Amino acid sequence: MALPSKEIRQHTIAVLVDNEAGVLARVIGLFASRGYNIESLTVAAVDEANNLSRITVVTSGPEMVIEQIKAQLGRLVPVHKVSDLTTEGKFLSRELALVKVVGLGEKRVEALRIADIFRARVVDSSTSSFVFEISGSTEKIDAFIALMRELGMVDLSRTGVVAISRGERKL
Amino acid sequence: MPQQQMTGAEIIIKALVDQGVEVIFGYPGGAVLPIYDALFKQNRIRHILVRQEGGAVHAAEGYARSTGKPGVVLVTSGPGATNAVTGLTDAMMDSIPLVCLTGQVATHLIGNDAFQECDTVGITRPCTKHNYLVKEAGSLARVMHEAFHVATSGRPGPVVVDIPKDIQFAAAPYVAKERVTRKTYQPRVKPESRDVRRAVEMMLKAKRPVFYTGGGVINSGPRASALLTELVRLTGFPITSTLMGLGAYPGSDRQFLGMLGMHGTYEANLAMHGCDLMINVGARFDDRITGRLDAFSPGSRKIHVDVDPSSINKTVHVDLPVIGDAAHVLEEMLALWKAETKRPDQKALDHWWAQIDQWRARKCLSYRQEGKLIKPQYALERLQALTAGRDTYITTEVGQHQMWAAQFLKFEKPNRWMTSGGLGTMGYGMPAAMGVQIAHPDALVIDVAGEASIMMNIQELSTIAQYRLPVKVFILNNQYMGMVRQWQELLHGGRYSESYMDSLPDFVKLAEAFGAVGLRCASPDDVDRTILEMIDTPRPVIVDMCVDPNENCFPMVPGGSAHNEMILGDQGGAKATVSDEGKILV
């Protein structure tokens, strides 16, 4: 049998959990105590009737570690389902960011122009500032932020990644 | 018919009774007074009053491990809960089923730094399999039943239920355990038949196989041990066991190679190193077992049977995982093996056994009992000889004496050996022995101890006296924290920094002060007499066995070494070289 790959890869994992006190602490505590990476983690209630929340966690590691992460998540009592979106077919992942840019004159105009190219929306404005709302892949948001940094970005808030599989398959 | 309302405290007691609990170990305090009041008004459940909460948890562990039933603990909030943390962690590491009820300040006070408040669920989250804070009396019965389900199913472990004082007073309906269903956490116990079939195929092709079994077999119940024994005998394969797995296969059987790992036998470790097929049943490739990972059993294919999927490929990559409970897997394996017409290559097996017998002839556990000092190995060898034929339960503390006990005592049946394996908790043995004795009132229960470890929970002698438990404490007194001293000798140039204990108590007088019998033995000629007197005394006994202070525990696979780089006792262990990488490993 081939040895598992040592190559470090990024994985996006969706976890369906009971929406109860402390469940996020359990998941985060697991990652912290076992030394796993968290590159992004988001959580929100998704099923009020069954009292379920969905956690999307982006992590990275060699294959053995990723398998461990999934197995460790799977044995937490409030966890219903663990799905490795990265290995289970195609999936979509999106983030949303709010980006505040302060400036006057040409920089302000340039910020607006670039926002337009990225399809970012202006959601707040003063005579010397904008707040842009942008959603898309992590790469797209990273690129937008890199440009805004040069144009007077003073504040940034990102949601982290939410993800879902393509096609008919459900979690 | 409207459901009958009960107080929270009554619900707790009823749930315990319905779960078949007969005894709980605990210590009262402000935040659990309603539960103690409910205990007072009933006679179904026996409460054992310990002297410190840590003792209650270890006692419950001993009870659980010797009976296969969950151990139950009841402690108060704040320090009651924090004192329980070591035992909970111990149970977590060794997969012992416990339900620990902790009192909590009233719900409206939570988060206010109230008197004897602590964040029990926060503190115990990483050291329990699961924990609950019960915020409404209506969910108390469900949580209680669920706690037992979680503690005992799949890979067992400790569960904490934190119960605020107002919830203990509040009225709510009781929910019977049959009516509680859990949507999540239904661990699979039956393996994929395809996997078992592949395992048997691999076993049939093996030329140098070895069974490597662990605590998972014990946790699976006595049936798993019986199935394992039958399978091992049918195959004719050699078998070795982890510290936690001792007793799953008869220790005196010819096919048993002894314990493996850091202080395992020469033959067990070399068989692991040289095998072409390793059949791991219920063990977890712990670092005490594997030694240097990249040199661990380099030429073998590996089968790993475990009920916990997170044990698979955690440190050692295996060729065939079989997810399932040991008894289920072994049963299917055995059926397939019996139905199979093919047999393994007997010539190859004979050759393998000849090799193993050569390793065995090395007599790696030999020592010389000469002069006036008692060798600790001799004391244990005599203990083994003089208790043979009895159904003896052994607990230990942690250190050299623990490893010697594992090497020299023979366990023929499961659930007879209680030791702190994963966490290595000094002070475990005496309270654990207490729990064992409560479960088996007429059995011979012996805590093999060191003089340093025994001091860590010495207060429990008072509990032993109160309940007239005839526990025997067999102290191998070498005046040192022996294992620390041994490592300092091997790794730190013999600088015995703080490993010698000055001003030890007079253990004989100490025993007497607690109402026990104290026996001292300082000469090899008196060892047998002392042990027999200990066995024949129908009261708690402390034996102060004054042993050679400088004896080291061998064989030893030092940190960072491979199984075939073992130090043997007669090679002058002190001259062993350990790499710098090895030194950083504990």
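Residues numbered from 1 in each chain as written. Chains lettered and ligands numbered in written order. Predicted model: local features only at pLDDT ≥ 70, side-chain atom pairs only at ≥ 80, totals over all residues. Heavy atoms only, no water.

**Student:** I would appreciate a short explanation of the overall build of chain A in the present structure.
**Tutor:** Helices and strands together make up the secondary structure of chain A, namely four helices and nine strands. For chain A, the N- to C-terminal ordering of α and β elements is β-α-β-β-α-β-β-α-β-β-α-β-β. Taken over the C-alpha atoms alone, chain A extends approximately 60 × 45 × 35 Å along its principal axes. Going through the 171 residues of chain A one by one, you find that 41% of them count as buried. Sequence separation of 24 or more characterises 72% of the internal contacts of chain A that already satisfy a separation of 6 or more. Total accessible area on chain A is roughly 9200 Å²; 53% of this is exposed by carbon and sulfur atoms. Taken as two groups, the 22 positive and 21 negative side-chain charges of chain A have centres that lie 2 Å from each other. (Helix = DSSP H or I, 4+ residues; strand = E, 2+ residues; numbered from the N terminus. Buried < 20%, exposed > 50% of the residue type's maximum accessible area, 1.4 Å probe, protein only. Contact = heavy atoms within 4.5 Å. Areas by Shrake-Rupley, 256 points an atom, 1.4 Å probe, with all protein chains shown as cover. Lys, Arg positive; Asp, Glu negative; His and termini not counted. Charge placed at Lys NZ, Arg CZ, Asp CG, Glu CD.)

**Student:** So what exactly am I meant to see when it comes to the overall build of chain B here?
**Tutor:** Within chain B, the secondary structure is distributed over 23 helices and 20 strands. Here the C-alpha radius of gyration of chain B, 24 Å, is about what a compact globule of 586 residues would show, namely 25 Å. The dimensions of chain B, computed from C-alpha atoms along their principal axes, are 75 × 60 × 45 Å. Buried residues in chain B amount to 63% of all 586 residues. (Rg over C-alpha atoms; globule rule 2.2 N^0.38 Å.)

**Student:** For this particular structure, what's the right way to read the packing of helix H1 (residues 23–33) of chain A against helix H2 (residues 63–74) of chain A?
**Tutor:** For any two helices packed against each other, one specifies the crossing angle of their axes together with the interaxial distance. Residue and element names in this part refer to chain A. Look at H1 against H2: their axes get within 11 Å of each other, and the N-to-C directions meet at 145 degrees. Judged by the twist between their axes, the crossing of H1 over H2 is right-handed. In this structure, H1 contributes Val27, Leu30 and Phe31 to the contact, and H2 contributes Ile69, Gln72 and Leu73. In terms of residue class, the contact of H1 with H2 is built from five nonpolar, one polar and no charged. (Axes fitted to C-alpha atoms, helices over the stretch in contact; angles between N-to-C directions. Left-handed = near helix turned anticlockwise from the far one by under 90°. Nonpolar A, V, L, I, M, F, W, Y, C, P; charged D, E, K, R; others polar.)

**Student:** Would you take a moment to explain the interface of chain A and chain B for this structure?
**Tutor:** Where interface size is given, it is often the accessible area lost as the parts come together that is meant. Between chain A and chain B, the contact holds 19 residues from the first and 21 residues from the second. The interface formed by chain A and chain B holds one salt bridge in total. The closest approach of N and O atoms between Asp308(B) and Arg75(A), which form a salt bridge, is 2.6 Å. At the boundary of chain A and chain B, one finds four residue pairs in polar contact (both at pLDDT 80 or more). Tallying contributions element by element places H2(A) first for the side of chain A that touches chain B, with four residues. Its residues assigned to classes, the side of chain A that touches chain B shows 10 nonpolar, five polar and four charged. (Salt bridge = Lys/Arg side-chain N within 4 Å of Asp/Glu carboxyl O. Polar contact = N/O pair within 3.5 Å; in protein donor to acceptor, adjacent residues only side chain to side chain.)

**Student:** Explain the pattern of salt bridges here, please?
**Tutor:** Two side chains bearing opposite charge may form a pair once their charged atoms approach each other closely. Throughout the structure, instances matching the rule amount to 35 salt bridges over all chains. Across the pair Arg169(A) and Glu88(A) runs a salt bridge whose closest N-O atoms are separated by 3.9 Å. Of the two residues, Arg169(A) is situated in the segment after strand S9 (162–165) and Glu88(A) in the loop between strand S4 (79–84) and strand S5 (91–102); the sequence distance between them amounts to 81 residues. Take Arg169(A): its relative accessible area is 39%, and that puts it in the partly exposed class. On the basis of relative accessible area, Glu88(A) is assigned to the partly exposed category, the value being 33%. Across the pair Asp18(B) and Lys14(B) runs a salt bridge, and its minimum N-O distance is 3.6 Å. On the criterion of helical spacing, the pair formed by Asp18(B) and Lys14(B) is a turn pair, its members being four residues apart in helix H1 (residues 8–18). Among the charged side chains, a salt-bridge network with shared partners connects Glu67(A), Lys70(A) and Asp84(A).

**Student:** Please clarify how the sheet that holds S4(A) should be interpreted in this entry.
**Tutor:** Within a sheet, adjacent strands bond to each other through the backbone by hydrogen bonds, running parallel or antiparallel. All names here are of chain A. The sheet built from four strands is open, its strands ordered S2-S3-S1-S4 with antiparallel pairing. At either margin of the open sheet sits one strand with a lone partner, and together these are strand S2 (40–47) and S4. The sheet shows a mean angle of 20 degrees between the axes of neighbouring strands, taken without regard to direction. As defined by bridge partners, S2 adjoins strand S3 (residues 52–61) across seven bridges and the pair is classed as antiparallel. Bridge pairing links serine 40 to valine 58 in S3. Here H2 sits on the sheet and contacts strand S1 (9–18), S3 and S4; the angle it forms with S4, its principal contact strand, is near 160 degrees. (Pairing = 2+ DSSP bridges.)

**Student:** For this particular structure, what's the right way to read helix H16 (residues 400–408) of chain B?
**Tutor:** Note on helix geometry: an α-helix contains 3.6 residues per turn, so any two residues three or four positions apart are oriented the same way. Most of H16(B) is tucked away, with nine of its nine residues classed as buried. Looking at H16(B), one finds that the buried residues are Gln400(B), His401(B), Gln402(B), Met403(B), Trp404(B), Ala405(B), Ala406(B), Gln407(B) and Phe408(B).

**Student:** So what exactly am I meant to see when it comes to the sheet that holds strand S18 (residues 472–477) of chain B here?
**Tutor:** All names here are of chain B. Taken in spatial order, the six strands of this open sheet run S16-S15-S17-S18-S20-S19, and their pairing is parallel. At either margin of the open sheet sits one strand with a lone partner, and together these are strand S16 (417–418) and strand S19 (517–521). Direction of pairing for strand S15 (residues 392–396) relative to S16: parallel, over a ladder of two bridges. When the sheet's bridge partners are listed, isoleucine 394 is paired in S16 with tryptophan 417. Set on the sheet, H16 makes contact with S15, S16, strand S17 (444–450) and S18; between it and S17 the angle comes to about 135 degrees.

**Student:** Explanation requested: the environment of Gln437(B) in the structure shown.
**Tutor:** Residues and elements named next belong to chain B. In this structure, glutamine 437 sits in helix H17 (residues 429–439). Residue glutamine 437 is classed as buried on the basis of its relative accessible area, which comes to 1%. Counting along the chain gives 353 residues from glutamine 437 to alanine 84, while the straight-line C-alpha distance between them is 21 Å. Apart from residues lying up to four places away in sequence, glutamine 437 is in contact with Asp442, Ala443, Val445, Leu469, Pro470 and Val471.

**Student:** Can you help me understand unusual backbone geometry in this one?
**Tutor:** As a rule of thumb, non-glycine residues mostly have phi less than zero, and peptide bonds are mostly trans rather than cis. All names here are of chain B. That bond from phenylalanine 554 to proline 555 is cis: its omega, -5 degrees, falls within 30 degrees of zero. Looking at the secondary structure, you find proline 555 in the loop between strand S20 (541–546) and helix H23 (580–583). Backbone geometry at asparagine 313 places phi at a positive 60 degrees, although glycine is not the residue there. Following the sequence through the fold, asparagine 313 ends up in the loop between strand S13 (301–306) and strand S14 (320–323). In this structure, arginine 468 takes a positive phi of about 50 degrees despite not being glycine. Mapped onto the secondary structure, arginine 468 falls in the loop between helix H19 (461–466) and S18. Given the relative accessible area of 72%, arginine 468 is considered exposed.

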